[in-house]
Protein chains: 2
Amino acid sequence: MASIRDVAQQAGVSPMTVSRVLNGGYPVKDSTRRRVLAAVKSLDYEPNLHGRGLRQARSRTVLVAGSGFVEPILDGIHKSAGELGYEVVLVHSPPQRADPAALSRRVRGGLAGGILFLNMIDEDAIRTLTALHPVVQCGSAADVPGTCTVTVDEERAAYELVERLVRQGRRRFAYVAMDLPGGPPSMTRRREQGIRRALAAQGLALEPERLVRMTHLRDDYAPALDLARRFAAMPEDVRPDAVVYDQNILAVACVNVLREAGLAVPGSVAVASMDDNPIDLVIQPTLTAVGRPYKAMGEEAMRMLVDRIENPEAPCRQVVFRHILEMRGSTDPA
Amino acid sequence: MASIRDVAQQAGVSPMTVSRVLNGGYPVKDSTRRRVLAAVKSLDYEPNLHGRGLRQARSRTVLVAGSGFVEPILDGIHKSAGELGYEVVLVHSPPQRADPAALSRRVRGGLAGGILFLNMIDEDAIRTLTALHPVVQCGSAADVPGTCTVTVDEERAAYELVERLVRQGRRRFAYVAMDLPGGPPSMTRRREQGIRRALAAQGLALEPERLVRMTHLRDDYAPALDLARRFAAMPEDVRPDAVVYDQNILAVACVNVLREAGLAVPGSVAVASMDDNPIDLVIQPTLTAVGRPYKAMGEEAMRMLVDRIENPEAPCRQVVFRHILEMRGSTDPA
DNA sequence: TTGAAAGCGCTAACAG
DNA sequence: CTGTTAGCGCTTTCAA
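Here the structure is a predicted model, which means the values were calculated and not measured.

Calculation rules
Residues numbered from 1 in each chain as written. Chains lettered and ligands numbered in written order. Predicted model: local features only at pLDDT ≥ 70, side-chain atom pairs only at ≥ 80, totals over all residues. Heavy atoms only, no water. Helix = DSSP H or I, 4+ residues; strand = E, 2+ residues; numbered from the N terminus. Rg over C-alpha atoms; globule rule 2.2 N^0.38 Å. Buried < 20%, exposed > 50% of the residue type's maximum accessible area, 1.4 Å probe, protein only. Contact = heavy atoms within 4.5 Å. Pairing = 2+ DSSP bridges. Axes fitted to C-alpha atoms, helices over the stretch in contact; angles between N-to-C directions. Buried area = accessible area lost by both parts, 1.4 Å probe. Salt bridge = Lys/Arg side-chain N within 4 Å of Asp/Glu carboxyl O. Polar contact = N/O pair within 3.5 Å; in protein donor to acceptor, adjacent residues only side chain to side chain. Nonpolar A, V, L, I, M, F, W, Y, C, P; charged D, E, K, R; others polar. Near = heavy atom within 4 Å. Core = buried A, V, L, I, M, F, W, Y, C linked by side-chain atoms within 4.5 Å. Domains from an automatic or database assignment.

### Some thoughts on the overall build of chain A
- Along its length, chain A carries twelve helices and twelve strands.
- Its C-alpha radius of gyration of 26 Å places chain A more than 25% over the 20 Å reference for a compact globule of 334 residues.
- The proportion of buried residues among the 334 residues of chain A is 56%.
- Contacts spanning at least 24 positions in sequence make up 72% of the contacts within chain A whose residues lie at least 6 apart.

Dropping the structure here:
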């Protein structure tokens, strides 16, 4: 593998000149530049990133940690990263076995300048790393004071969704809330709060038996199918007439199971998801969901992180985007 | 940020000793080791990975490139990587705008030792990079002679699926095949071949009007919904009685649309997917699909890649795993 | 506009 | 069991 000295030699210049040609920003005589570029090409030279990283002692790479890598968010992240001259590396960090130490090692080892958490619900990991490194959360946000976050207002989204459904005549609300070993994530708590407030405003309440806490399901969705079947089997005056889900796939399951059981959706039961997914548009009826301006959120989160890396003393910002209520067939009669 | 010399100084030893303590494999007096570790801890030292990488001129990191990062494959990859002492970074490479140059730059820049392609259908990118670097393909495999691949036998999977359906009495098969600007990927061609062979064996054929080529859909699934509606609207003697899909989400759409239109699934039409997804188990009826031993495939692919990196002269292996026909409600009456 | 020297942090090779 | 030397490839700094 050719090094910068090989290129320099072949071009008859010093390594410094090669460096200047490749990195730009310096005056180099045109004929020299051409000779250098020719040498680069003929030797198929590629700068060694360890050498560069070691010398510059700063990394133009960020880690994106999470598990469900939502395409449009990644698009936004890559867009900003490109504009700012940063590289993006994804690190698979599923909620229950995220490895904060490994992330930290990479940053402290100089391979990355900061961490962008994507829909990360492991709040301990976030807390730990936020104390050590430039960190931005995008999507779900742990309640860590003074953190940089890019979110939507989950409480308000839940409030507005429920308000709409109440106005459509729904009365017996169920909320299937995500639960984790350490208790529900703060995102879920905020949604629950929004639901309760919206109901209270109409003289209604979220009955305890209709608040279902369900572990974050990943492989086996049987508990969700069972729950939906139980809904279907309830006598009409007890059965919820509106069910709000944290996890999108569970809402999809619910729509399918209820219809299979002969219940009308949305006629007898309205189903909605606080999260959204392309699948929502292909099931029948289509699924009402809370959408987010993903691409813009990704772009903003990336800009924020770079800002934080290059300017660590500046105070953190919390950017809240407007959510989008996607009212669809599972709640609204055609 | 403390360097190895700070640690050495604090522990009253040479940097070399610190290095040996941290990297293991050398005899170090126990009392010395303890002093070093104490210094490491007190200074909160973390080795600089650029320094190490530069010196060792080899990277114990691999790139995993793809877009739909399937959880169990990643699990398998991480498992093998951990056992072999490798790090894994994911690089988001969506089919139509993968950036082979960026991948190559990382490898040639010394940041990674090889590339593991995950369900990558951009065959040009694969061809290019395979010629330059250690590469393993996992999942869909481009037809590049002499490549390392971990796959299932797509043709055989399609053959067996169709054979089963024919035996259940299906006659008018449709295949909704993935298409790309440069023509269908080889995976699709293999499946098509399997379907044709299976039909021919029973004196049937895949009629041209029932071979539907559909661009790889990502955001807007309207064409798939339209297609399903067209199926539903056909007179019974023309309508396919079995539809095989390349893209899982399109099959989900089909099941939902057909049922919405009042057609019985699987009574009137059987629907199956050559790909699988957790969603298949929650829709009703559940979706028949070709499953794969994902975790084992990920493990094997990672082992293969490391083997290739450390032993570039050895010939490539093509490992074929046994697929799993998951016959479910969308084809088999309960 | 170009070059020389120095050193980033680490470990291989050798010496003791 | 431990230390010394040297150098990986690059760019910062200083000099011309």
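### Thoughts on the sheet that holds strand 10 (residues 288-291) of chain B
Residues and elements named next belong to chain B.
- Taken together, the six strands give an open sheet; going across it, the order is 7-6-8-9-10-12, and neighbouring strands pair in mixed fashion. Two strands close off the open sheet at either side, each with one partner strand: strand 7 (211-215) and strand 12 (324-326). On average, each strand axis in the sheet is inclined to that of its neighbour by 20 degrees, with strand direction left out of account.
- As paired strands, strand 6 (residues 173-179) and strand 8 (residues 242-245) are joined by four bridges and run parallel to one another. Bridge pairing in strand 8 places Y175 opposite V244.
- Of the strands in this sheet, strand 6, strand 7 and strand 8 touch helix 9 (residues 186-201), which is tilted by about 165 degrees from strand 6.

### Focus on the interface of chain B and chain A
- Contacts between the two partners involve 47 residues from chain B, matched on the other side by 46 residues from chain A.
- Interface area lost by chain B to chain A is led by H50, H92 and R108 of chain B, which between them contribute 16%.
- Taken together, the links from chain B to chain A amount to twelve salt bridges.
- We note a salt bridge from E71 of chain B to R218 of chain A, for which the minimum N-O separation is 2.7 Å.
- In this assembly, chain B and chain A are joined by 20 residue pairs in polar contact (both at pLDDT 80 or more).
- Mapped onto the side of chain B that touches chain A, the elements with two or more residues apiece are helix 4 (49-56), helix 5 (71-84), strand 2 (87-92), helix 6 (100-108), helix 10 (222-233) and helix 11 (248-260) of chain B.
- Considering each element in turn, the side of chain B that touches chain A owes the most residues, seven residues, to helix 11 of chain B.
- Here the residues of the side of chain B that touches chain A are counted per class, giving 24 nonpolar, ten polar and 13 charged.

### A closer look at the protein's contact with DNA strand C
- Lining the immediate surroundings of DNA strand C are 25 residues, of which T17, R20 and T32 of chain A together with I4 and Y45 of chain B lie closest.
- At the protein interface, 61% of the atoms of DNA strand C within 4 Å belong to sugar or phosphate.
- Contacts to DNA strand C include R55 of chain A, whose side-chain N or O atom sits 3.3 Å from a base nitrogen.
- Only helix 2 (15-23) and helix 4 (49-56) of chain A together with helix 2 (15-23) and helix 4 of chain B provide two or more residues apiece to the surface near DNA strand C.
- Here the residues of the surface near DNA strand C are counted per class, giving eleven nonpolar, nine polar and five charged.

### Things to note about the nonpolar core
- Membership of the largest hydrophobic core comes to 62 residues, with the highest contact counts inside it found for Y245 and V271 of chain A together with Y245 and V271 of chain B.
- Residues in contact with V271 of chain A, not counting those within four places in the same chain, are V243, Y245, A251, C254, V255, L258, V265, L287, T288, S330 and T331 of chain A.
- Counting 52 residues, the second-largest nonpolar core is a separate cluster that includes C148 and V152 of chain A together with L74 and M304 of chain B.

### Concerning the domain arrangement of chain A
All names here are of chain A.
- Taken domain by domain, chain A consists of domain 1 (4-55), domain 2 (58-152 + 294-324) and domain 3 (154-290).
- A straight line from the C-alpha centre of domain 2 to that of domain 3 covers 29 Å.
- With 15 residues of domain 2 at the interface, the matching set in domain 3 holds 18 residues.
- With both sides pooled, the region where domain 2 packs onto domain 3 buries about 1300 Å², and carbon together with sulfur makes up 46% of that total.
- The largest share of the area that domain 2 buries against domain 3 comes from I121, V152 and H323, three residues that together contribute 36% of it.
- At the boundary of domain 2 with domain 3, the tally comes to one salt bridge.
- Residues E160 and R322 are paired through a salt bridge, measuring 3.3 Å at the closest nitrogen-oxygen approach.
- For the pair domain 2 and domain 3, the interface holds five residue pairs in polar contact (both at pLDDT 80 or more).
- Among the residues forming the side of domain 2 that touches domain 3, the class breakdown is eight nonpolar, four polar and three charged.

### Quick notes on unusual backbone geometry
- Here the bond from V265 of chain B into P266 of chain B is cis, since omega is 10 degrees, no more than 30 degrees from zero.
- As for its placement among the helices and strands, P266 of chain B is situated in the loop between helix 11 and strand 9 (270-273).
- The linkage connecting Q284 of chain B with the following residue, P285 of chain B, adopts the cis geometry, with an omega of -5 degrees.
- As for its position among the elements, P285 of chain B is in the loop between strand 9 and strand 10.
- Positive phi, normally seen in glycine, also occurs at D44 of chain A, with a value near 55 degrees.
- Tracing the backbone through its elements, the reader meets D44 of chain A in the loop between helix 3 (30-43) and helix 4.
- Of note in the backbone geometry, A57 of chain B takes a positive phi value of approximately 50 degrees without being a glycine.
- Taking the relative accessible area as the measure of exposure, A57 of chain B reaches 66% and is therefore exposed.

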